[in-house]
Amino acid sequence: MKRRAGQDRGQTASWKPATRAVRGGTARSEFGETSEAIFLTSGFSYDNAGQAAARFRGDEKGMTYSRLQNPTVEMLEERLCLLEGAEAARVSASGMAAMSATLLSTLSAGDHLVAGRALFGSCRVLVDTILPRFGIQTTVVDGRDPEAFRRAMRPNTRAVFLETPANPTLDIVDVKAVSDIAHDAGALVIVDNAFASPVVQRPLELGADIVAYSATKLMDGQGRVLAGAVLGPAEWMEKTYMAFARHTGPVLSAFNAWVILKSLETLEMRVTRACENALAVARFLEGRVPGLLYPGLESHPQHRLAMAQMSAGGTIIAIHLPGRAEAHGLLDALQLIDISNNVGDSRTLMTHPASTTHYSVPENVRAEMGIGEGMLRLSVGLEDKDDLIGDLDQALRAIGL
Ligand SMILES: *Cc1c(COP(=O)(O)O)cnc(C)c1O
């Protein structure tokens, strides 16, 4: 492997974001390929026994085994660091692998975690059910109120975990205020930034310590592979995250890393366009449906905070209809938009969280999170906005709205 422009952090630091997204992390092989190579190899060989020993001792840089390092995976990790402004990144097989490895590597039995209550369904199960099985205490709070985090802090609170905008309620958490409160108490701040992407929001700049992603969403953005990513300080990544992940193996395959690596080249263009489409669709729906939340509209109760920490309103809209019959009726009347529980795809997708993504969350917890029976989540993609508005218009008419 030749170290090429893009691998050296010192040089890339002066590049503008678009250049980093296309060139960052590139490491070319002896063939000089323009598009990054896919290294589908589990292992690596050594010139001699001494070199193998030096690699394992850590005296010589280089690859030993793809659970620990892989050239394609490292290109993706370096590119992600450049986009996020983070010291270190590690990618994983899915967003949930990233979330669970982050929390399990940070917390031990007897520690306490405070989390925002509106979380991705599986994140909520992790907080409510899985972590407590290992003796980790957890408290969930209304993430919209920073003081709720302060009140929940205990002497053994080691971390705060939040999502903003939150899935699927679109609650906004004030990352700076919560980070200040958590840091006063000596707790680490972990932000699930999947709904925003580094194009729209950079939590590290707002004071968070760790950013975690489902790269399945906007980063792939074309509905092909599952992937996750964790970014943060180099020391935490090595001493905390890798001390766990090295031996538990939540790694991303080189092929899936390559898919995400290529997608990052167009991330900024895709996310910017999808946000523009979402704003147009939200403006059309506002007033036409009984309730709607979109952070980019002034009607969102936390619009000012959202616009202070995000560069656009994002790609997700929450629609509130009277009940499940109307919500399922609208889904069944769609002709262009797909019924799908994914988000962040180039295709516009709609789902009914209460019966799909948050089905495994108990009904009382769903109600407390603000997920009603009539709620729909719309993930706006890259089709022409007029076609999207046309489809929603006919589907709303079909259910008498
Ligand atoms: C999808 C998602 C996850 C989980 O990611 P997977 O890649 O599906 O494992 C976690 N958090 C948020 C906010 C998500 O949207």
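Remember, it's a predicted structure, so these values are computed and weren't measured experimentally. (Residues numbered from 1 in each chain as written. Predicted model: local features only at pLDDT ≥ 70, side-chain atom pairs only at ≥ 80, totals over all residues. Heavy atoms only, no water.)

Draft legend 1. Highlighting the overall build of the protein. Along the protein, the regular secondary structure elements total 17 helices and 14 strands. Taking 21 Å as the expected radius of gyration for a compact globule of 401 residues, we find that the protein reaches 22 Å, a close match to that expectation. Taking the principal axes of the C-alpha coordinates as reference, the protein spans close to 75 × 50 × 35 Å. Looking at the 401 residues of the protein, the share that counts as buried comes to 55%. (Helix = DSSP H or I, 4+ residues; strand = E, 2+ residues; numbered from the N terminus. Rg over C-alpha atoms; globule rule 2.2 N^0.38 Å. Buried < 20%, exposed > 50% of the residue type's maximum accessible area, 1.4 Å probe, protein only.)

Draft legend 2. Representation of helix H12 (residues 254-264) within the structure. Along H12, the positions that sit buried rather than exposed are Ala 254, Ala 257, Val 259, Ile 260, Leu 261, Ser 263 and Leu 264. Lining the buried residues of H12 we find helix H2 (17-23), helix H4 (71-84) and helix H13 (267-285). (Contact = heavy atoms within 4.5 Å.)

Draft legend 3. Structural context of the site of the ligand. As a structural note, the neighbourhood of the ligand is formed by Ser 94, Gly 95, Met 96, Phe 120, Glu 163, Asp 192, Ala 194, Phe 195, Ser 214, Thr 216, Lys 217 and Ala 227. Take Met 96: an N or O atom from its main chain is 2.8 Å from an oxygen atom of the ligand. At 2.7 Å, a side-chain N or O of Lys 217 approaches an oxygen atom of the ligand. In the complex, 93% of the free accessible area of the ligand, which totals 380 Å², lies under the protein chains. Classifying every residue of the shell around the ligand gives five nonpolar, four polar and three charged. (Near = heavy atom within 4 Å. Polar contact = N/O pair within 3.5 Å; in protein donor to acceptor, adjacent residues only side chain to side chain. Areas by Shrake-Rupley, 256 points an atom, 1.4 Å probe, with all protein chains shown as cover. Nonpolar A, V, L, I, M, F, W, Y, C, P; charged D, E, K, R; others polar.)

Draft legend 4. Expanded view of the domain arrangement of the protein. Per the domain assignment, the segments making up the protein are domain 1 (2-264) and domain 2 (267-398). Each of domain 1 and domain 2 has a C-alpha centre, and the two are 27 Å apart. Taken together, the contact between domain 1 and domain 2 spans 39 residues of the former and 39 residues of the latter. Together domain 1 and domain 2 conceal approximately 3000 Å² of surface at their shared face, both sides included; 62% is due to carbon and sulfur atoms. Contact with domain 2 buries area across many residues of domain 1, yet Leu 170, Ile 172 and Val 200 alone supply 21% of it, more than any other trio. For the interface between domain 1 and domain 2, the tally reads one salt bridge. For the side of domain 1 that touches domain 2, the secondary structure elements donating two or more residues are helix H6 (121-133), helix H9 (197-200) and H12. (Domains from an automatic or database assignment. Buried area = accessible area lost by both parts, 1.4 Å probe. Salt bridge = Lys/Arg side-chain N within 4 Å of Asp/Glu carboxyl O.)

Draft legend 5. Looking closely at the packing of aromatic side chains. Following the criterion strictly, the structure yields two aromatic pairs and no others. Geometrically, the ring pair formed by Trp 236 and Tyr 241 is tilted, given 5.9 Å between the ring centres and 40° between the ring planes. Looking at Trp 236, the relative accessible area reads 10%, which means it is buried. Centre to centre, the rings of Phe 255 and Trp 258 are 6.1 Å apart; their planes meet at 35°, and the pair counts as tilted. Taken together, the residues Phe 255 and Trp 258, both in helix H12 and three residues apart, mark about one turn of the helix. Judged by relative accessible area, which is 24%, Trp 258 ranks as partly exposed. (Phe/Tyr/Trp six-rings, centres within 6.5 Å; stacked < 30°, edge-to-face > 60°.)

Draft legend 6. Looking closely at the pattern of salt bridges. Under the definition given, this model contains 24 salt bridges. The salt bridge involving Arg 124 is made with Glu 368; its shortest N-O contact spans 3.6 Å. Taken together, the residues Arg 124 in helix H6 and Glu 368 in helix H16 (residues 363-369) connect sequence positions 244 residues apart. A relative accessible area of 3% places Arg 124 in the buried class. The closest approach of N and O atoms between Asp 220 and Arg 224, which form a salt bridge, is 2.7 Å. A single salt-bridge network, built from bridges that share partners, covers Glu 36, Arg 79, Lys 262 and Glu 265.

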